[in-house]
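# Commentary on secondary and tertiary structure
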Amino acid sequence: MSGNSEYILDDYTLGETDEDIIVDTAEDVRLLSLSLARQARRSIDILTQDLDTALYNNRDFEQALFQLVRQHDKARVRILCYDSRPALANGHCLIRLAQNLTSSVAIHKPAREHEGERSAWLIADRRGLITRSNAVDDSYLATVNFNAAQTAAKLSDSFEEMWQHSTADSQVRRIYM
């Protein structure tokens with residue numbers, strides 16, 4: 001996909017394009033994540049090891065999530081992050097977004113029972129998804145599909161179960177003085 005990525009992205013529509021796309025670079029995963037976020041109307045759910053700076057710490061992605069929650073009343077962004085400390089130390093934009101939009105954007109830490117999970121996901125509107133089966137070793141090998149309703153619904157259900165047992169990440173809360 002690398003090379004003409006920006007042009008190819010126009011060919012993929014959330015909720016319509018049912019085609020598995022295999023990518024293996026951070027840039028391709030970043031661009032496809034951005035495309036899904038820009039097209040979402042209800043929700044973005046992210047499971048990540050450490051907020052994946054290469055994918056999510058950029059102005060375009062932050063703006064896409066901001067637009068989602070501002071333009072759609074009931075839209076929400078939920079992020080399950082195993083270790084937010086590196087992102088916090090680097091001033092990650094999604095932490096600032098969660099601090100500023102507390103009713104629409106939340107970052108939680110998964111329960112201990114889910115420790116050891118090596119995968120990472122981004123699910124848009126329970127239809128589009130990006131899955132990386134080994135996100136621990138900085139591998140960006142991913143499968144992307146803009147209309148994988150059944151798979152996205154299963155992962156959404158798993159995410160929901162993990163979310164119910166998670167806790168708000170105390171590392172990212174804004175401290176008022």
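Check the entry above for the structure.
Here's a quick rundown of the structure. (Residues numbered from 1 in each chain as written. Predicted model: local features only at pLDDT ≥ 70, side-chain atom pairs only at ≥ 80, totals over all residues. Heavy atoms only, no water.)

### Details of the sheet that holds strand S3 (residues 76–81)
Taken together, eight strands build an open sheet; the order of strands is S1-S7-S6-S5-S2-S3-S4-S8 and the sheet is mixed. Each of the sheet's edge strands pairs with one partner strand only, and the pair in question is strand S1 (21–23) and strand S8 (167–168). For strand S5 (residues 120–124) and strand S6 (residues 128–132), the ladder comprises five bridges, and the chain directions are antiparallel. Across the sheet, the residue bridging to Ala120 is Arg132, located in S6. (Pairing = 2+ DSSP bridges. Helix = DSSP H or I, 4+ residues; strand = E, 2+ residues; numbered from the N terminus.)

### A few points about the pairing of S6
The buried fraction of S6 is high, at four of five residues. Hairpin connection from S5 to S6: three residues lie between these consecutive antiparallel strands, with Asp125 at a positive phi of about 55 degrees. Summarising the sheet, S6 and strand S7 (residues 142–145) pair through three bridges and their orientation is antiparallel. Bridge assignment links Leu129 to a residue of S7, and that residue is Asn145. (Buried < 20%, exposed > 50% of the residue type's maximum accessible area, 1.4 Å probe, protein only.)

### Some points on the environment of Asp138
Positionally, Asp138 belongs in the loop between S6 and S7. For Asp138, a relative accessible area of 58% corresponds to the exposed category. As for Asp138 and Ala54, which are separated by 84 residues in sequence, their C-alpha atoms are 9.8 Å apart.

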